[in-house]
Amino acid sequence: MKYRTIGTAPNTRREVSVLALGAMLFGSRTDEETSFAVLDRYVEAGGTFIDTSDNYAFWEDGGQGGQSEELLGRWRRSRGVGDEIVIATKLGARPLAPGTGYIDNAEGLSAKVIRESAERSRDRLGVARLDLLYAHIEDRKVPLQETVEGFAELVAEGTVGLLGVSNHATWRVERARALAAAAGLPGYEVLQYAHSHLRPRLDVPEGLFPDGSLGHAGPDLLSYLRAEPGLTLVAYSPLLKGAYTRPGVALPGDFDHPGTPARLKVLREVAQETGATVNQVVLAWQIGAELPIVPLVGASSVAQLEESLAAVDLELTADQRARLDGAH
């Protein structure tokens, strides 16, 4: 395994593995025995960065979520896991009532919700401090100042370490960080967005984003990351839910981008040259990128995890990386 540092402050920054493991479906669609086996193998391989959320996976049973955090709590207790494993969670997108969702009835990012939701997450995970806590989705009904101060209070109290943000417009991220900096408060340092080798169309409206997607790491976000060396991108859905390699799994609809055929072609060429899978080439391309990117992979079996783990040691040549970067 290889490692990188996330965060900048000496008391909150953490060294994490360059490959993060997503626990979204653990405890719901992925049963406990399988989930524990995947987690055990990840840690055995040197993995130290696990991702979840307080709303995972509400859609599986029409509830409010919490199954993933609860399973991770049981796993931590049964294995004697301490703070050597960084567990990141999110708040803001938990449905307020069963049978609803984050588009129509999200908990939001008020100071009250931030405090109460973080406490529930700590209880479910069985931890005294959340290593990394994200604002999961935007809440434009609450002033940004309130959200910034709400997160900062938990950092000051020692119940939260690093702060992160996901699925926000880049201008909202910068505005929140500017408010925090002006007040001498901790701001967002880890950005979690969808990112893969194929580029999506960003003009396709979604339920949360009527003007086009804000959940992908588009040019605004990537250029922001390039200008702010203290930030790290955690890239979710890097393998497009199996669409690169699994027969019968189609690319998501917003990947009908004009550059898709050229980028698929070079991915397949590099996979053939290296003897790796296309999935492994995508992950290696992210791990070794000039920008600080930590791919976040899901796994519903140990075999799936093994494929991703092997990407950590895949070294792409400068020529291969240039071709991957340059395909349009």
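The structure contained in this document is the topic of the report that follows. Counting restarts for each chain, with residues numbered from 1 along the sequence as it is written. For this predicted model, a pLDDT threshold of at least 70 governs which residues receive local features, and a threshold of 80 or more governs which side-chain atom pairs are given and counted, while totals over whole chains, interfaces and linings are taken from all residues. Values reported for side chains reflect all heavy atoms of the structure, with hydrogen atoms and water molecules removed beforehand.

### Here we look at helix α5 (residues 111-125)
In DSSP terms, a helix is any run of H or I states spanning at least four residues, a strand is any run of E spanning at least two, and both are numbered starting from the N terminus. A helix's residues, less one, multiplied by 1.5 Å, set its expected span. Compared with the 21 Å implied by 1.5 Å per residue over 15 residues, the 21 Å span of α5 between its first and last C-alpha is a close match. The rule is simple: take the accessible area with a 1.4 Å probe, protein chains only, and divide by the maximum for that residue type; under 20% is buried, over 50% is exposed, in between is partly exposed. For α5, the set of buried residues is Val113, Ile114, Ser117, Ala118, Ser121, Arg122, Arg124 and Leu125. Looking straight down α5, one finds its buried side chains confined to an arc of 160°; they lie on one side. Residues of α5 that are exposed and point over 90 degrees away from its buried face: Lys112 and Asp123. Note on contacts: a residue pair is in contact if any heavy atoms of the two residues lie within 4.5 Å. Where α5 is buried, its residues touch α3 (67-79), β5 (86-91), β6 (130-135) and α6 (144-157). One or two residues past the end of α5 sits Gly126, with phi positive at roughly 75°. An arc is given here, and it is the one of the directions from the helix axis to the C-beta atoms.

### Remarks on unusual backbone geometry
A cis amide bond links Tyr56 with the next residue in sequence, Ala57, at an omega value of -5°. Mapping Ala57 onto the fold places it in the loop between β4 (49-51) and α2 (58-61). Here Ser237, not a glycine, exhibits a phi torsion of approximately 55°, which is positive. Summarising the element assignment, Ser237 is placed in the loop between β9 (232-236) and α9 (260-274). One non-glycine residue, Lys241, lies in positive phi territory at about 55°. Position of Lys241 among the secondary structure elements: in the loop between β9 and α9.

### Remarks on the packing of helix α1 (residues 32-44) against helix α11 (residues 302-310)
With axes taken as lines fitted to C-alpha atoms, and helix axes fitted only over the stretch in contact, angles between N-to-C directions fall between 0 and 180 degrees. α11 packs onto α1 with a crossing angle of 25° between their chain directions and a minimal axis gap of 9 Å. Overall, the two elements α1 and α11 adopt an arrangement that is roughly parallel. The handedness of the crossing between α1 and α11 comes out as right-handed. Of the residues in α11, those touching α1 at Ala37, Val38, Arg41 and Tyr42 are Val302, Leu305, Glu306 and Leu309. Residue polarity is assigned by list, with Asp, Glu, Lys and Arg as charged and Ala, Val, Leu, Ile, Met, Phe, Trp, Tyr, Cys and Pro as nonpolar; anything else, Gly included, falls into the polar class. For the contact of α1 with α11, a count of residues per class yields 6 nonpolar, no polar and 2 charged. Here the word oblique covers every angle except those under 35 degrees (roughly parallel), over 145 (roughly antiparallel) and from 65 to 115 (roughly perpendicular). Crossing handedness: left-handed means the near helix sits turned counterclockwise from the far one by under a right angle, and right-handed means the same turn made clockwise.

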